[in-house]
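Okay, here's what each chain looks like letter by letter:
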Amino acid sequence: MKKEQNKIEFISASAGTGKTHTLMSDLFNVLSSNEVRPTGVMAVTFTEKAAAELGQRVRQRLLEGGRADLAQMIETARIGTVHGVCARLLTEFAYEAGLSPSQRVLGEDEGPALFRQTLTELLTPERLAILGPLASRMSLDSNTIIALASDMAKSARGNDITPEQVKAAASDSRALITRVFPSKGSANLTQEMTIAIGAFFTLWPEPAQTTKKAIDAYNKLINFKNDLANKADAWKDWISMAKTDFGAKANDSGTAIKEIAARVCAHPNLHSDLAMFIEQVHELAALTMNKFAEKKRKLGLIDYQDMEQQTLHLLDCPEVQESLRTQIDLLMVDEFQDTNPVQLAIFLKLSAFCPRTIFVGDLKQSIFRFRGADITLIQAILNDVATKSSKILSDNYRSRPELVEFTSTIFEAAFLRDGIAPETVRVQAKKNYQTKLPPLSVWWHPKKKDDSATAIAMEIRRLLDSKVKVTDRLTSELREILPCDIGILVRTNPNIALMSAALRKVGIETSDLGSTLCEFPETALLCAL
């Protein structure tokens, strides 16, 4: 195990520190020195565009270095997204994986749509008849329970957990509830509450006081009494009754009601509802997973998570392992911080088959936790396997020194809470950027969106009219500021239209990157042909 750990290197690359250049240079060096065969390279990038760019830049560098033979052979390298590499492995070892070569991979939108359709089909009237009242008693919308089941199914698939394991996990959840909540009582608290409320209204057939507070509490108790009689009481109502102030005159009379309500966590019916809630979520998640898999099998389809799971299991095959040991010389993984647990397991297994592995990423930029990326898990893995072989790219070539210093100072403290060391956060500016623009300024503007857009547009107009000098990114020479030098970030897409309209009013044309594909003039032209 120690031998495998020493093979893994981690490059910490903050934004603008030359990550792509470093990857390309490392790849060029090992190829030109014949340490690695072009066919033995497996490089995983986050997007197809990044994969194409890496391959193109390495090819260009090899040509410039007089290695046309290697430049031509780089086409044989496995360079692509994680799903592209998985697809290639599954195709190459289809027999070992027991897969049909005629399977079609669902598109990025097709998979989730088919999953939602599958879940909807399971929401029969009988199941909804259970979920509706249960959700009401738990003060939830039935759609919330359905969404929890959906999230559980997605999370389980993203962690290679089977439907059977999901269903079995319900017992662990129930056990956790048992530890957190008081033991289930044997008393019939609903009956006790009904009697206590009856006694209260016998003493006080009318509100004891005419204050708004007393009248509101009295009416609240009437509604609670009616809900109890109709078996429509929600558990939050019990909690609320325990805190009710019935007014100075009637408060002592309401003591019994509040004491019974305060014992709600031991109510047998609450424990039953919690158990049913857990069972329904786990059962619906497991059923959805099974039916989704069955539907895909019948249609000859797989989705991205299937590809990951099948690849993970494929790598356990001894014949595949032996073959890959002879094929892979170098494994490179870009944007490592955004890998999910299954992808991480795939990369760790692949790293055991090759002499050298390089993980490249920036823990600060982990933005795909909603897709299952677990920064805590990734940190633990890096601490375990890459501590002695880490490199930090600490020179920033993208931003001006003042902004680099400002962000480093702010983020050092912010990311320390996530366990990210300051030395991986702070970078030094290497860009010689000349301008009289301040590195940071604050524009105060009205709260209304329309007024805010107008105010920002006017400030930008004044900035452009000032003809302040900036450094051209291509020529590195000073020139007057242009509209293309300015970028505007807004919180939502609707704000883009407001901002663009305000800018056009002051004579500034815009390029709206938030527009949909169909709204671009080029798309309209193609549709007209």
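This structure is a prediction, so every number in the text was calculated from the model and none was measured.

Take Val-41: it is sitting in strand S2 (residues 41-45). The buried category is assigned to Val-41, whose relative accessible area is 1%. Once residues within four sequence positions are removed from consideration, Val-41 is found in contact with Leu-27, Leu-31, Val-36, Ala-77, Arg-78 and Leu-330.

For soluble globular proteins, the rule of thumb is that nonpolar side chains tend to be buried together. Within the largest apolar cluster, 37 residues are counted, with the highest numbers of intra-cluster contacts made by Leu-324, Phe-336, Ile-346, Phe-347 and Leu-350. Secondary structure elements with two or more residues in this core: strand S1 (8-13), S2, helix H5 (82-92), helix H16 (304-314), helix H17 (318-327), strand S6 (330-333), helix H18 (341-351) and helix H19 (375-385). Apart from the residues within four sequence positions on either side, Ile-346 is in contact with Cys-86, Glu-308, Thr-311, Leu-312 and Leu-315.

Before going further, it helps to examine helix H9 (residues 142-158). The terminal C-alpha atoms of H9 lie 25 Å apart, and with 17 residues this matches the ideal 24 Å at 1.5 Å per residue to within 8%. Packed against the buried residues of H9 are helix H7 (110-121), helix H8 (125-137), helix H10 (163-180), helix H15 (268-299), H16 and H18. Measuring from the backbone nitrogen of Asn-143 back to the side-chain oxygen at the start of H9 gives 2.6 Å, which picks out Asp-141 as the cap.

Taking 1.5 Å as the rise per residue, H15 with 32 residues should run 46 Å; its terminal C-alpha atoms sit 46 Å apart, in good agreement. Remark: Gly-300 follows H15 within two positions and exhibits a positive phi of approximately 70°.

Let us look at empty space enclosed by the protein. The final tally for this structure, using the stated rule, is one cavity of 30 Å³ or more. Each pocket or cavity is described by its volume, and for the largest cavity that value is around 40 Å³. The wall of the largest cavity is formed by Phe-200, Trp-204, Pro-207, Ala-208, Gln-209, Ala-214, Tyr-218, Phe-246 and Ala-250. Taken together, the residues of the lining of the largest cavity break down into eight nonpolar, one polar and no charged.

Tallying each qualifying case throughout the model produces zero disulfides. Sulfur of Cys-354: no disulfide; nearest cysteine sulfur belongs to Cys-86 and is 15 Å away. Note on Cys-354: relative accessible area 2%, which makes it buried.

Per the stated rule, a full pass over the model turns up 30 salt bridges. Lys-212 is paired through a salt bridge with Asp-216; the nearest N and O atoms lie 2.7 Å apart. Taken together, the residues Lys-212 and Asp-216, both in helix H12 (residues 212-229) and four residues apart, mark about one turn of the helix. Judged by relative accessible area, Lys-212 falls into the exposed class, the value being 63%. Put simply, Asp-245 and Lys-213 hold a salt bridge, and the shortest N to O gap is 2.9 Å. In this pair, Asp-245 is assigned in the loop between helix H13 (235-242) and helix H14 (255-262) and Lys-213 in helix H12, connecting sequence segments 32 residues apart. Its relative accessible area of 30% is what places Asp-245 among the partly exposed residues.

About the cut-offs
Residues numbered from 1 in each chain as written. Predicted model: local features only at pLDDT ≥ 70, side-chain atom pairs only at ≥ 80, totals over all residues. Heavy atoms only, no water. Helix = DSSP H or I, 4+ residues; strand = E, 2+ residues; numbered from the N terminus. Buried < 20%, exposed > 50% of the residue type's maximum accessible area, 1.4 Å probe, protein only. Contact = heavy atoms within 4.5 Å. Core = buried A, V, L, I, M, F, W, Y, C linked by side-chain atoms within 4.5 Å. Expected span 1.5 Å × (residues − 1). Polar contact = N/O pair within 3.5 Å; in protein donor to acceptor, adjacent residues only side chain to side chain. 1 Å grid on protein atoms, 1.4 Å probe; cavity = no way out; pocket = protein on both sides within 12 Å on 5 of 7 lines; lining within 4 Å. Points joined across faces, edges and corners; volume = space filled by probe spheres on them. Nonpolar A, V, L, I, M, F, W, Y, C, P; charged D, E, K, R; others polar. Disulfide = S-S within 2.5 Å. Salt bridge = Lys/Arg side-chain N within 4 Å of Asp/Glu carboxyl O.

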